[in-house]
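Commentary on secondary and tertiary structure
Listed here are the chains, written in short residue letters.
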Amino acid sequence: MKWVGALSVLLSVPAGPIAAAEAARPAVELYRLDCGTIAVKNLGEFSDTYLYSGETKTLVASCYLIRNGEQLLLWDTGLDGDLAGTSKDSDGYVNSLKERIVPQLSRIGLKPDDIDFIGLSHYHFDHIGQAADFPEATLLIGKKDFDVAKVWKPAQARLAPWVSGRSKVRELTGDSDVFGDGKVTVLSLPGHTEGHQALLVRLASGPVLLSGDQYHFADQIKNRGVPAFNTDRAETLASMDRFDRIAENLHAKIIIQHDPADVAKLPIFPQAAR
Ligand SMILES: [Zn+2]
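Residues numbered from 1 in each chain as written. Predicted model: local features only at pLDDT ≥ 70, side-chain atom pairs only at ≥ 80, totals over all residues. Heavy atoms only, no water.

**Description of the sheet that holds strand β10 (residues 184-188)**
Threshold: A strand pair is defined by DSSP finding two or more bridges across the two strands. Segments assigned H or I by DSSP are reported as helices when at least four residues long, segments assigned E as strands when at least two residues long, and all are numbered from the N terminus. What makes two residues a contact is simply this: any of their non-hydrogen atoms within 4.5 Å. For helices, the fitted line uses only the C-alpha atoms of the stretch in contact; every axis is such a line through C-alpha atoms, and the angle between N-to-C directions lies from 0 to 180 degrees.
Strand order in the open sheet formed by 5 strands is β9-β10-β11-β12-β13, and the pairing between neighbours is mixed. Each end of this open sheet is capped by a strand with a single partner; those strands are β9 (176-177) and β13 (253-255). Pairing of β10 with strand β11 (residues 197-203) involves 5 bridges; the strand directions are antiparallel. For V186, the partnering residue across the bridge sits in β11 and is L199. Contacts between helix α9 (residues 233-250) and the sheet are confined to β10, β11, β12 (206-210) and β13, with β12 contributing the most and set at about 165° to the helix.

Next comes the structure, spelled out in structure tokens:
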């Protein structure tokens, strides 16, 4: 909500040019944030038809800031903040984080309580790690995922402000127009988890689809690889079909959030896609 003021402070130039610059800025901007790296020791888990047995792969954990006018949405919140500056080996994954989200945002003049909404693709650890750094934000989460988060300890702890009832939640049961103007839409795509979601962002340069974990890397689009740990195989395939058709019909740019090459399609922070 304090975006314009923050930008004025950041640029430290007189009000006239600022007003002109603001007027010239597109309403919607998409920033990519670095929210960690995940070295997968057993890629075999990412296909229940034994497609990747014995392979390894390094994925990224990415997060995104979307500005719509003066309103701000953080999409996914990456690995745990206390990992910053370190690596940790757990359950076949080596997780690393260079820097938390909060100091990254400070570089564009934002404080945690400036964030209006946190949208979560789903409740896995690599997407909810730093959510609790933004307790003033309204949480946008699939209702079925929130039901799990309320009782499953790893998610319960990381989403404590909302699970406890202290902070505001929108429990989504289908697609949701975040700002009410059609610019940013949460897409309900169940299968990876019960309430899994992706995000459609309509930039002036064209629509962008942030995948959530509908796919984990680009090969999966043609391979139809369904991770063995997904909650529902049939729902996953149906959601893949819907995701692909939306991308095709809207000529949208697909960003697979765990694929380093896909994330690199977006400008390097603090530059934004517009
Ligand atoms: Zn993930």
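Now that the structure is up, let's keep going.
**A word on the coordination of the zinc ion**
What counts here: Here a donor is any nitrogen, oxygen or sulfur atom (N, O, S) within 2.8 Å of the metal, with 3.2 Å used for Na, K and Ca; water is not among the atoms considered, so some sites may look incomplete. Under this scheme a four-donor centre is tetrahedral when all angles range from 85 to 135 degrees, a four-donor centre is square planar and a six-donor centre octahedral when opposite donors are above 155 degrees with the rest from 65 to 115, and any other centre is irregular. Per-residue accessibility, obtained with a 1.4 Å probe over protein chains only, is compared with the maximum for each type, and a residue is labelled buried under 20%, exposed over 50%, and partly exposed between these values.
Only D126 (OD), H127 (NE2), D213 (OD) and H258 (NE2) from the protein coordinate the zinc ion, and they sit 2.1 to 2.3 Å from it. Around the zinc ion, the 4 donor atoms are arranged such that angles at the metal cover 85 to 168°; this shape is classified as irregular. Site description for the zinc ion: donor spacing in sequence, D-H-x85-D-x44-H. Its relative accessible area of 7% is what places D126 among the buried residues.

**Here's the deal with the layout of surface pockets**
Test applied: A pocket, in this scheme, is an open set of points on a 1 Å grid over the protein atoms alone with protein on both sides within 12 Å along at least 5 of 7 lines, while a cavity is a set where a 1.4 Å probe fits but cannot get out; residues line either one if an atom lies within 4 Å of a point. Grid points are joined across faces, edges and corners, and a volume is the space filled by probe spheres set on the points. All amino acids are sorted into three groups, where Ala, Val, Leu, Ile, Met, Phe, Trp, Tyr, Cys and Pro are nonpolar, Asp, Glu, Lys and Arg are charged, and the leftover types, Gly among them, are polar.
Estimated volume of the largest pocket: approximately 630 Å³. Taken together, the elements giving at least two residues each to the lining of the largest pocket come down to β4 (86-90), β5 (93-97), α4 (125-128) and α6 (153-158). Here the lining of the largest pocket is built from residues that sort into 13 nonpolar, 5 polar and 8 charged. Estimates place the volume of the second largest pocket at around 340 Å³. Elements that contribute at least two residues to the lining of the second largest pocket include exactly β1 (28-40), β2 (57-68), β5 and α10 (260-263). By residue class, the composition of the lining of the second largest pocket is 10 nonpolar, 5 polar and 5 charged.

**Digging into the state of the cysteines**
Rules: Note that a disulfide, as used here, is simply two cysteine sulfur atoms within 2.5 Å.
The final tally for this structure, using the stated rule, is 1 disulfide. Note on cysteine connectivity: C35 is disulfide-linked to C63, with sulfurs 2.0 Å apart. Measuring handedness by torsion sign, the sulfur bridge of C35 and C63 sits at about -135° and is left-handed. Here C63 lies in strand β2 and C35 lies in strand β1, a separation of 28 residues in the sequence.

**Thoughts on the pattern of salt bridges**
Here is the rule we go by: Between Lys or Arg on one side and Asp or Glu on the other, a salt bridge is scored when a side-chain nitrogen of the former is within 4 Å of a carboxyl oxygen of the latter.
Tallied over the full model, the rule gives 16 salt bridges. With its nearest N and O atoms 2.8 Å apart, the salt bridge here joins D89 to K41. Taken as a pair, D89 in strand β4 and K41 in the loop between β1 and β2 lie far apart in primary sequence, 48 residues in all. Overall, D89 belongs to the partly exposed group, its relative accessible area being 47%. Among the residues examined, K41 registers a relative accessible area of 44% and is labelled partly exposed. A salt bridge links D133 to R100; the shortest N-O distance between them is 3.1 Å. Of the two residues, D133 sits in the loop between α4 and β7 (138-142) while R100 sits in the loop between β5 and α3 (101-106), which places them 33 residues apart along the sequence. R100 sits in the partly exposed class, given a relative accessible area of 31%.

**Thoughts on the nonpolar core**
In plain terms, the rule: Each nonpolar core is a collection of buried residues, namely Ala, Val, Leu, Ile, Met, Phe, Trp, Tyr and Cys, held together in the definition by side-chain atoms within 4.5 Å.
Core analysis: the biggest nonpolar cluster contains 29 residues, and L33, L65, I115 and I118 have the highest contact counts within it. For this core, the secondary structure elements donating two or more residues are β1, β2, β3 (71-75), α3, β7 and α5 (143-149). Among all residues touching I118, those that are not within four sequence positions of it are L73, L74, T77, A131, F134, A137, T138, L139, L140 and W162. Counting residues in each nonpolar core, the second largest holds 23 residues, with W75, L210, I255 and A273 among its members.

**What about the confidence of the model for the protein chain?**
Definition in use: Scored from 0 to 100, pLDDT records how confident the predictor is in each individual residue.
Across the protein chain, the average pLDDT comes to 93, with 91% of residues at or above 70. Between residues 5-14, whose pLDDT stays under 50, and residues either more than four places distant or in other chains, the model counts 11 contacts.

**A few points about the side chain of N95**
Among the secondary structure elements, N95 is positioned in strand β5. Apart from the residues lying within four places of it in its own chain, the contact partners of N95 are T37, I38, L79, L83, T86, S87, K88, S90 and F125.

**Some words on the sheet that holds β5**
Within a sheet, adjacent strands bond to each other through the backbone by hydrogen bonds, running parallel or antiparallel. Pairing is mixed across the open sheet formed by 8 strands, whose spatial order is β4-β5-β1-β2-β3-β6-β7-β8. The sheet terminates laterally at β4 and β8 (169-172), the two strands that pair on one side only. Each strand of the sheet is rotated relative to its neighbour by a mean of 25°, with strand direction disregarded. Where β4 meets β5, 5 bridges bridge the pair, whose relative direction is antiparallel.

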